[in-house]
2 protein chains.
Amino acid sequence: MTWQLRPEDLPDLARGAALLGTGGGGDPHIGRLMVEAAMREYGPVTVLDPDEVADDAFVVPTAMMGAPTVMVEKIPRGDEAVRALRTLETHLGRRADATMPIECGGINSMIPLVVAATAGLPVVDADGMGRAFPELQMETFGVYGVPGSPMVVSGDHGETVTIDTGPDNERMEWLARGAAIRMGGAALIAEYAMSGADVKRTAIPRTLSLGLAVGRALREAREQLRDPISALTEVLAPTLYSHLRVLFAGKVADVERRTVDGFARGKARFVSFDGTSTLRTEFQNETLVAEVDGVVRCIVPDLICVLEAESGEPITTETLRYGQRVVVIGISTPEIMRTPEALAVFGPSCFGLTEEFRPVEDAVPVP
Amino acid sequence: MTWQLRPEDLPDLARGAALLGTGGGGDPHIGRLMVEAAMREYGPVTVLDPDEVADDAFVVPTAMMGAPTVMVEKIPRGDEAVRALRTLETHLGRRADATMPIECGGINSMIPLVVAATAGLPVVDADGMGRAFPELQMETFGVYGVPGSPMVVSGDHGETVTIDTGPDNERMEWLARGAAIRMGGAALIAEYAMSGADVKRTAIPRTLSLGLAVGRALREAREQLRDPISALTEVLAPTLYSHLRVLFAGKVADVERRTVDGFARGKARFVSFDGTSTLRTEFQNETLVAEVDGVVRCIVPDLICVLEAESGEPITTETLRYGQRVVVIGISTPEIMRTPEALAVFGPSCFGLTEEFRPVEDAVPVP
């Protein structure tokens, strides 16, 4: 089903995208302001269901890359992502029929909407991470055979860097990260250009709709004074993200965070309200692992989301601070993200973690 | 005059290029072996005098970039520079009629010959540095209005990075340096694509011939047991590099050298044979300044060359070591490199030096 995304949908989408960002992905509220400005100038955005994209359509995903700690301070000037798209079109000798997120969490739910509004293109309701991940090779697109390059990195002085590493998406990430660092720590990109047939085969479907539904459920729960966790559980149950588990409730006791090698890396420690239990998390932009009293309860690629205890509002890694009262939840990822091929690209070992992946619905019993 | 460069010319050219490298530019002997291999496979290389290049010819210079300390250990696999050329041709939609050095000192006297032999192109007898400089914006091409980008950086895994910074050659250097660092500290490039008319207007003419003549003069002086310095003085007198001054004779007392930010940076100290006089030099890949007993005697862009005292063999910065017996000379650069516009791009202040440029022929009286 084709539908129109309107400016009044954006606050809900931003809230849902912050949750799917699992702490990373960049602050979607900055992106929301960019989309609002673009929609004011160019009108609403048409969203295409992936099933409706023609097999021979040419889809060029767009995104922002960089450390979220940098992205909250270095706001794009606005035309970088469209320039990335246009430069890649010229390089490949073909105009895009649509754009698409590579990542449905954080600011990257919004960047393709800026491009869509500005360039007059529809956006496909799908992505390649099904959440947020810190590196460009961590895409179901690549897992299932779509090369990420040629890709374009675009900076805020009008400069572009076109990278071609053939089928080697890790080398693409390495070179693009270097360019983004030299552009000030964040940049806009166009990559993983593919056919409509490849979208259907390799993308996680309907993750823009999912973000919107999640954000709306959290807002309505707050308006209706309902428990946000049960509202979330209900909205996720019929989706590909069907299991939700509460991992922990308590206060932030300690955050250790550095911007290094172009990433926000660090650890956080949480203590339960009664002081008897401890949660430790580690993150590289996104939260990677949640360990309660020494036992891993949720691990990448399953989602670990930190929410404000009262409001259910998602908290990103760069805004986590001492004393915040939080609920931490785990959410199961779609099966396409849990295959051996997928875990080889974005499973625990890809982040230097020694623990094996274990589905959150197995690691945490139903309460 | 069009002429053929033969394999037997290469040892002399390498020696002359090492001198014009002013301590940097990368070891030309590695490049020489690459050219010999390419000539064995494809035959000799045709050298075009710049006056003979058609105004509407399309010339694409090629080179290596990186820290010389890395370049002596990380030898190119051989096809990177041709790939850089081909990728830039595709990007610009035009085939090259010739290649050209961007730098006549060090390994970059040789890289365009590898490309010329392999791709079956002539090479233009000219360059944009008239010596070696450490950074890509330090080109008379750019000083006189030819943009360096779009340019291509090519690595040894077949990867390419195409950089477009419009007219901003400093930003091009910044992004290309970042790519070269991520490619292992050295990479091959194609840049400053220009017309034959621009070659005539902006290049330093006949610097390949100059390197060959300098290297031959040093060899013949050694064979004839003549003083290498007077042989050099004679061969340079009728060229654009007409003044030669002996700055110092003595031994290497101390070398402080680090590979940092993609460059070889450091200082050296020399003591005269009788122990009464001291020479201090500073370098960023190339030697930048020579101060004898506290007085600057030669400064960039004039050439400072360290030669073995007995043989006159040029010594590069990365092979400078304690106890070497040396003669250090200064050589004047062509007037096109001493204009205010040129000094604004590669004069002393561009390297953080506080001293003003003073021509070596004024700073050191005729003996």
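Residues numbered from 1 in each chain as written. Chains lettered and ligands numbered in written order. Predicted model: local features only at pLDDT ≥ 70, side-chain atom pairs only at ≥ 80, totals over all residues. Heavy atoms only, no water.

- The name given to chain A in an unreviewed UniProt entry is DUF917 domain-containing protein, with Pseudonocardia cypriaca as the source organism.

**Some thoughts on the relation of the copies chain B and chain A**
Here is step 1: Mapping chain B onto chain A leaves a residual RMSD of 0.0 Å; the transformation is a rotation of 180° accompanied by 0.0 Å of translation along its axis. Such a combination of rotation and displacement between the chain copies is what one expects of a two-fold axis. Among all residues of chain B, the minimum C-alpha distance to the rotation axis is found for T162 of chain B, at 2.4 Å.
Here is step 2: A symmetric contact is evident, with 100% of the interface residues of chain B recurring at the interface of chain A. (Least-squares fit on C-alpha atoms with pLDDT ≥ 70 in both. Contact = heavy atoms within 4.5 Å.)

**Thoughts on the side chain of S149 of chain A**
All names here are of chain A.
Here is step 1: Among the secondary structure elements, S149 is positioned in the loop between α6 (140–143) and β7 (151–154).
Here is step 2: Of the polar contacts made by the side chain of S149, one reaches the backbone nitrogen of T165; its length is 3.0 Å.
Here is step 3: A distance of 3.2 Å separates a polar side-chain atom of S149 from the backbone oxygen of G166.
Here is step 4: Setting aside its immediate chain neighbours within four residues, S149 contacts I163, D164, T165, G166, N169 and M172. (Helix = DSSP H or I, 4+ residues; strand = E, 2+ residues; numbered from the N terminus. Polar contact = N/O pair within 3.5 Å; in protein donor to acceptor, adjacent residues only side chain to side chain.)

**Some words on the pattern of salt bridges**
Here is step 1: Throughout the structure, instances matching the rule amount to 49 salt bridges over all chains.
Here is step 2: When the shortest N-O distance is used, the salt bridge between R201 of chain A and D198 of chain A registers 3.0 Å. Placement of both R201 of chain A and D198 of chain A in helix α8 (residues 196–202) is noted, with a separation of three residues, approximately one turn of the helix.
Here is step 3: Given the relative accessible area of 45%, R201 of chain A is considered partly exposed.
Here is step 4: Between R95 of chain B and E89 of chain B there is a salt bridge, with its nearest N and O atoms 3.2 Å apart.
Here is step 5: Taking the relative accessible area as the measure of exposure, R95 of chain B reaches 55% and is therefore exposed.
Here is step 6: One connected set of salt bridges, linked through shared partners, spans D12, R15, R216, R219, R222, E223 and E313 of chain A. (Salt bridge = Lys/Arg side-chain N within 4 Å of Asp/Glu carboxyl O. Buried < 20%, exposed > 50% of the residue type's maximum accessible area, 1.4 Å probe, protein only.)

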